[in-house]
Protein chains: 2
Amino acid sequence: MNKITRKLLKAVSDFTGEFKGAFNIREDGQCAGRQSSEHIRIENKEDAPGLVIRIDGNAQQETVYIPACVTHGNVDDLVYNDFYVAAGADVTIVAGCGVHSDGEEDARHNGIHRFFLEKGAHVLYQEKHIGTGDGKGAKRIDPVTDIVLAEDAVLEMDTVQLGGVDSSTRKTSAVLGARAQLIIHERILTDKKETATTEFEVSMDGEDSAVDLISRSVAKGNSSQDYHSRIKGNCRCMGHSECDAILVGNGTVNAAPELYAGNIDASLIHEAAIGKIAGEQIIKLCTLGLTEEQAEEKIIQGFLKA
Amino acid sequence: MNKITRKLLKAVSDFTGEFKGAFNIREDGQCAGRQSSEHIRIENKEDAPGLVIRIDGNAQQETVYIPACVTHGNVDDLVYNDFYVAAGADVTIVAGCGVHSDGEEDARHNGIHRFFLEKGAHVLYQEKHIGTGDGKGAKRIDPVTDIVLAEDAVLEMDTVQLGGVDSSTRKTSAVLGARAQLIIHERILTDKKETATTEFEVSMDGEDSAVDLISRSVAKGNSSQDYHSRIKGNCRCMGHSECDAILVGNGTVNAAPELYAGNIDASLIHEAAIGKIAGEQIIKLCTLGLTEEQAEEKIIQGFLKA
């Protein structure tokens, strides 16, 4: 494992030199370390690059790490990871991704993740994305996430992209069975000329399924963000989505959330707010001794943490 | 003017046998009556079917009626009406539209309205749409409204479609100058197999312009509604949109509101809620002596009035 990988791993998956329990480290398209655990089996995918991760029902409060790093330009890493989570399992999956380029050439990671949660399984999925390096080559991360939740399954998805990624297109789709719950928290900060696109498509097909989709964006510099979501209520279900964005400098944001109610018992709500930081907020923090820049930074941090 | 026209006029423009002031009545593609007033001149459009309506700055608290009726099937009426409203004018424009078909053939009205409001002009634009008749022929109304608001101009647009229209596609676009205000209240009720589509595109180009877009929908029977809006904030401006819908029976609603903030001083907010009438609301009214159907009717009336 090279030095850049170590640094990226620290940033995206709190790596301190070793992982406890099950893990797989992907470095420039290769496996740089792997370990299965009693209840979490990690194997190569047979028909394509990537992993098959099988989590049995006895996995309780366990964490599996599957970070991926691209450490130089001229890499276009494409990986397919499938997660099969058995009934009753309760796990955290940490899937950070770091992309580094010092040179002229692009560095790209494109992870296609599929989740199959059986009845009552509970997964917390954390995905932290970062780009580093001063090269002219674009750092790109384009994740695709497909989710199938059986009845009573719960997936909490926590995705963070905090700068350095020149362009990202994130596509997430989910199909929910009866009483299944999908909770998504997305936080994206873009700066300079970065662009970030997110597309969500959630289909509530099982009675009493629910989705809560919260997206928070900060667009600084000359960056631009594009948010699309489509929540479909096809039965008795609850859907809530919220996309809030802060503009700084010349940042721009487009937010297009869509709600489809195809059943009288579908209850769908959406809220969105886009704007700059209120002047009073800045002034308040300045009276406490912060400079204007520090105040702005503080407010953005708080916004992206919540 | 035939009997059906009289009936339709009563429904869409509160016609009681005569109009006071300026008016033009369109019946099956023909002019069934016209009158200009001192400050409102109504003339035929030269290059296409329709009217040119010129409202001078001395028109104050005046109303102009331009209802259009289609009274039988096999009519596909297309009309282009242009409104030029001079600086300082303050008028109400009543543009109801009624479509009637007793037979097998379709009856359609397609009005393309363009509004040019000069500095500080104020217009209240009322558009009530209705379909009547038991024929199998579809009653269709497809209005297109293009709006240009100069600085300080205010357009209040109040559109209502309360049943009987088999299909409607409503397209509204607006460009706002400095301090211009656009206030849109849309209310649509569909039933049976009716479909209604609305598309709004509002571009706030002038500093301190503002838009407030409120859409209320009720989808009953097997009807479906589709709502799209795109509010673009290209400068210091305020945008608010709200689309709420009530589902009854097998009605479906798709709501896709889009906000684009292209400037740090654009402040944009959106809210949406789709669902059925809460059971408690029905029960409350039933305890007051109403049947369940009456209670539902009462709640829908209140919702569409607000």
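Residues numbered from 1 in each chain as written. Chains lettered and ligands numbered in written order. Predicted model: local features only at pLDDT ≥ 70, side-chain atom pairs only at ≥ 80, totals over all residues. Heavy atoms only, no water.

As recorded in an unreviewed UniProt entry, chain A goes by SufD family Fe-S cluster assembly protein and comes from Ruminococcus gauvreauii. Taken directly from UniProt, the Sequence similarities (unreviewed entry) text for chain A runs: "Belongs to the iron-sulfur cluster assembly SufBD family." (UniProt positions renumbered as here; feature names shortened; annotations may be inferred.)

K.L.:
How would you explain the overall build of chain A if you had to name every residue and give the values?
P.N.:
The helix and strand tally for chain A stands at three helices and 22 strands. Seen through its principal axes, chain A has C-alpha atoms that stretch 55 × 55 × 35 Å. The 306 residues of chain A split such that 54% are buried. Sequence separation of at least 24 residues holds for 80% of the intrachain contacts in chain A that already meet a minimum separation of 6. Summed over all atoms, the accessible surface of chain A reaches about 12900 Å², with 47% contributed by carbon and sulfur. (Helix = DSSP H or I, 4+ residues; strand = E, 2+ residues; numbered from the N terminus. Buried < 20%, exposed > 50% of the residue type's maximum accessible area, 1.4 Å probe, protein only. Contact = heavy atoms within 4.5 Å. Areas by Shrake-Rupley, 256 points an atom, 1.4 Å probe, with all protein chains shown as cover.)

K.L.:
Tell me what's going on with the pattern of salt bridges, and back it up with residues and numbers.
P.N.:
All names here are of chain A. Under the counting rule described, the total for this entry stands at 43 salt bridges over all chains. Arg108 serves as the salt-bridge partner of Asp76, at 3.4 Å between the closest nitrogen and oxygen. Placement of Asp76 in strand E7 (residues 75-85) and of Arg108 in strand E10 (residues 107-117) is noted, with a sequence separation of 32 residues between them. Its relative accessible area of 52% is what places Asp76 among the exposed residues. (Salt bridge = Lys/Arg side-chain N within 4 Å of Asp/Glu carboxyl O.)

K.L.:
Can you lay out the environment of Leu51 of chain B for me, pointing to particular residues and giving the numbers?
P.N.:
Residues and elements named next belong to chain B. Residue position: Leu51 is located in strand E4 (residues 50-55). Leu51 gets classed as buried once you look at its relative accessible area, which sits at 6%. Taking the C-alpha atoms as reference points, Leu51 and Val79, 28 residues apart in sequence, are found 8.0 Å from one another. Apart from the residues within four sequence positions on either side, Leu51 is in contact with Asn24, Arg34, Ile42, Glu43, Asn44, Lys45, Ile66, Tyr80, Asn81 and Asp82.

K.L.:
Can you break down the interface of chain B and chain A residue by residue, with the values?
P.N.:
Contact with chain B, which involves 30 residues of that partner, is made by 30 residues of chain A. Both faces combined, the contact of chain B with chain A buries some 2200 Å², and carbon together with sulfur accounts for 49% of it. Here chain B is connected to chain A by two salt bridges. For Lys276 of chain B, the salt bridge is made with Asp265 of chain A, and the minimal N-O distance between the two is 2.6 Å. On the surface where chain B and chain A come into contact, there are 14 residue pairs in polar contact (both at pLDDT 80 or more). Elements that contribute at least two residues to the side of chain B that touches chain A include exactly strand E21 (252-261) and strand E22 (266-276) of chain B. The dominant element in the side of chain B that touches chain A, judged by the number of residues it contributes, is E22 of chain B, at 11 residues. Broken down by class, the residue content of the side of chain B that touches chain A amounts to 16 nonpolar, nine polar and five charged. In this sheet, E21 of chain B lies alongside strand E21 (residues 252-261) of chain A in antiparallel orientation, the contact comprising six bridges. Across the sheet, residue Val253 of chain A finds its bridge partner in E21 of chain B, namely Ala261 of chain B. (Buried area = accessible area lost by both parts, 1.4 Å probe. Polar contact = N/O pair within 3.5 Å; in protein donor to acceptor, adjacent residues only side chain to side chain. Nonpolar A, V, L, I, M, F, W, Y, C, P; charged D, E, K, R; others polar. Pairing = 2+ DSSP bridges.)

K.L.:
Which residues make up the nonpolar core, and what are the values?
P.N.:
Among the nonpolar cores identified, the biggest contains 102 residues, and Ile55, Ile93 and Leu182 of chain A together with Ile55, Ile93 and Leu182 of chain B are the most heavily contacted of them. Beyond its immediate stretch of four places on either side in the chain, Ile55 of chain A contacts His39, Ile40, Val64, Tyr84, Val85, Ala86, Ala89, Val91 and Ile93 of chain A. (Core = buried A, V, L, I, M, F, W, Y, C linked by side-chain atoms within 4.5 Å.)

K.L.:
Describe the relation of the copies chain B and chain A, naming the residues involved and giving the relevant values.
P.N.:
Laying chain B over chain A is done by rotating through 180° and shifting 0.0 Å along the axis; what remains is an RMSD of 0.0 Å. This pairing of chains is accounted for by a two-fold axis. Judged by C-alpha distance, Glu271 of chain B is the residue of chain B that lies nearest the rotation axis, at 2.3 Å. Both copies share a contact surface, since 100% of the interface residues of chain B are interface residues in chain A too. (Least-squares fit on C-alpha atoms with pLDDT ≥ 70 in both.)

K.L.:
Which residues make up the packing of helix H2 (residues 279-287) of chain B against helix H3 (residues 292-305) of chain B, and what values go with them?
P.N.:
Helices that pack against each other are described as a pair by the angle of their axes relative to one another and the distance between those axes. Residues and elements named next belong to chain B. Running from N to C, H2 and H3 point in directions that differ by 115°, and their axes come no closer than 9 Å. The way H2 lies across H3 gives a crossing that is right-handed. Only Glu292, Ala295, Glu296, Lys298 and Ile299 of H3 make contact with H2, whose side of the interface consists of Gln281, Ile282, Leu285 and Cys286. For the contact of H2 with H3, the class distribution of residues is five nonpolar, one polar and three charged. (Axes fitted to C-alpha atoms, helices over the stretch in contact; angles between N-to-C directions. Left-handed = near helix turned anticlockwise from the far one by under 90°.)

K.L.:
Report on the UniProt feature "domain: SUF system FeS cluster assembly SufBD core" (unreviewed entry) in chain A, specifying residues and quantitative values.
P.N.:
Mapped onto the present numbering, the UniProt feature "domain: SUF system FeS cluster assembly SufBD core" (unreviewed entry) falls on residues 85-303 of chain A. Along residues 85-303 of chain A, the helical share is 10% and the strand share 61%, with 32 Å between the first and last C-alpha atoms.

K.L.:
Can you tell me about the packing of aromatic side chains, naming the residues and giving the values?
P.N.:
Residue and element names in this part refer to chain A. Counted according to the given criterion, the structure contains 16 aromatic pairs over all chains. Arranged with centres 6.5 Å apart and planes meeting at 65°, the rings of Phe83 and Tyr125 form a pair that is edge-to-face. Pair noted here: Phe83 is in strand E7 and Tyr125 is in strand E11 (residues 122-132), with a separation of 42 residues, a long-range link. Taken as a pair, Phe83 and Tyr125 share a single burial class, namely buried. These aromatic residues form a ring-pair network of at least three members: Phe15, Phe19, Phe23 and Tyr65. Over the ring of Tyr84 we find Arg54, and its NZ or CZ is 4.9 Å from the ring centre. (Phe/Tyr/Trp six-rings, centres within 6.5 Å; stacked < 30°, edge-to-face > 60°. Lys NZ or Arg CZ within 6 Å of the ring centre and 35° of its normal.)

K.L.:
So what's going on with the state of the cysteines? Residues and values would help.
P.N.:
All names here are of chain A. For the coordinates displayed, the defined rule picks out zero disulfides over all chains. In this model Cys31 remains outside any disulfide bridge; the closest cysteine sulfur is found in Cys69, 12 Å from its own. The class of Cys31 is partly exposed, set by a relative accessible area of 47%. (Disulfide = S-S within 2.5 Å.)

K.L.:
Now, about helix H3 (residues 292-305) of chain A: what can you tell me, with residues and values included?
P.N.:
Residue and element names in this part refer to chain A. Between its first and last C-alpha, H3 extends 20 Å over 14 residues, near the 20 Å set by a 1.5 Å rise per residue. Along H3, the residues classified as buried are Ala295, Ile299, Ile300, Phe303 and Leu304. Projected onto a plane normal to the axis of H3, the buried residues spread over an arc of 160° and lie on a single side. Along H3, exposed side chains directed more than 90 degrees from the buried face belong to Lys298 and Lys305. Its buried side turned inward, H3 meets strand E14 (154-162), strand E16 (181-190), strand E18 (209-219), strand E20 (237-247) and helix H2 (279-287). (Expected span 1.5 Å × (residues − 1). Arc of directions from axis to C-beta.)

K.L.:
Pulling in residues and values, what's your account of the pairing of E4 of chain B?
P.N.:
All names here are of chain B. Among the six residues of E4, five are classified as buried, and the element is accordingly described as predominantly covered. In terms of strand pairing, strand E3 (residues 40-44) meets E4 through five bridges, oriented antiparallel. Paired with Ile42 across the strands is Ile53, a residue of E4. The hairpin formed by E3 and E4 contains five residues between the paired strands. Two elements, E4 and strand E7 (residues 75-85), share six bridges in a ladder whose sense is parallel.

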